[in-house]
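Each chain is listed here by its residues.
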Amino acid sequence: MKFLLDAQLPRSLCRILREVGHDALHTADLPEGNRTSDGTIASLADAQDRVVVSKDSDFVVSHLLLGTPRKLLQISTGNIPNPELGNLLLKNLRSIEDSFISASHIEISRTTLIIHG
């Protein structure tokens, strides 16, 4: 899978995703860096068939109302140490991959994976 991680997520998540065979970009890698607008992030993700990974609820609104980004992994953990977030993602990655075959919006919390549709 291909992922695009939003600014508030640690770059270490890209490394983790790459180590298990995924294509992962962070907004810090984009020309405008972490100042890249949500619209640009969503457009780029859609053009490159990437899943936007974000804690930002604005992406949920855009996904539901406008259909962009087409695929969204919403992180709903609140403040969480980076290593714990990385472990949580790895622990649930297979289910996330499988769910994105038919779903377009998945939410992950500290205890639950919610498939929204």
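Given the structure is predicted, the values throughout are model-derived calculations rather than measurements.

1. Regarding the sheet that holds strand β6 (residues 113-115)
Step number 1: Strand order in the open sheet made by the six strands is β2-β1-β3-β4-β5-β6, with mixed pairing throughout. Both edges of this open sheet fall to β2 (23-26) and β6, since each of them pairs with a single strand only. Between one strand axis and the next, the sheet turns through 20° on average, direction left out of account.
Step number 2: Judged from the four bridges that link them, strand β1 (residues 2-5) and β2 form a sheet pairing that is parallel. Bridging across to β2, K2 finds its partner in D23.

2. Structural notes on helix α2 (residues 38-47)
Step number 1: Of the residues making up α2, those classed as buried are I41, A42, A45 and D46. Burial along α2 is one-sided: seen end-on, the buried residues are contained in an arc of 125°.
Step number 2: Along its buried surface, α2 packs onto β1, β3 (51-54) and α3 (57-66).
Step number 3: Of the residues flanking the end of α2, it is D49, one or two places downstream, whose phi is positive at about 55°.

3. A look at the environment of L90
Step number 1: Among the structural elements, L90 can be located in helix α4 (residues 82-99).
Step number 2: The class for L90 is partly exposed, based on a relative accessible area of 38%.
Step number 3: Along the sequence, L90 and P10 sit 80 residues apart, while their C-alpha atoms lie 14 Å from each other.
Step number 4: Residues contacting L90, with those up to four places away along its chain left out, are I16 and V20.

4. With respect to the pairing of β2
Step number 1: Taking every second residue as pointing to the same face, the buried face of β2 carries A24 and H26, while none of D23 and L25 on the other face is buried.
Step number 2: Traced from β1 through helix α1 (residues 12-19) to β2, the parallel crossover comes out right-handed.

5. Here's the deal with the pairing of strand β5 (residues 105-108)
Step number 1: Neither face of β5 is exposed, since H105 and E107 on one face and I106 and I108 on the opposite face are all buried.
Step number 2: The parallel pair strand β4 (residues 72-75) and β5 is bridged by α4, and the resulting crossover is left-handed.
Step number 3: Note that β5 and β6 share three bridges and pair antiparallel. Within β6, the residue paired with I106 across the bridge is I115.
Step number 4: A loop of four residues connects β5 with β6, the two strands running antiparallel in sequence.

6. Focus: the nonpolar core
Step number 1: One finds F3, L5, V53 and L73 to be the most contacted residues of the largest nonpolar core, which totals 22 residues.
Step number 2: Breaking this core down by element, the ones donating at least two residues are β1, α1, β3, β4, α4 and β5.
Step number 3: Considering each element in turn, this core owes the most residues, five residues, to α4.
Step number 4: Among all residues touching L5, those that are not within four sequence positions of it are P10, L13, C14, L17, A24, L25, H26, T27 and V53.
Step number 5: If you look at the next biggest cluster of nonpolar residues, it comprises nine residues, including L4, L30, I41 and L72.

Reading guide: rules and limits
- Residues numbered from 1 in each chain as written.
- Predicted model: local features only at pLDDT ≥ 70, side-chain atom pairs only at ≥ 80, totals over all residues.
- Heavy atoms only, no water.
- Pairing = 2+ DSSP bridges.
- Helix = DSSP H or I, 4+ residues; strand = E, 2+ residues; numbered from the N terminus.
- Axes fitted to C-alpha atoms, helices over the stretch in contact; angles between N-to-C directions.
- Buried < 20%, exposed > 50% of the residue type's maximum accessible area, 1.4 Å probe, protein only.
- Arc of directions from axis to C-beta.
- Contact = heavy atoms within 4.5 Å.
- Right-handed = clockwise from strand over helix to strand, strands pointing away.
- Core = buried A, V, L, I, M, F, W, Y, C linked by side-chain atoms within 4.5 Å.

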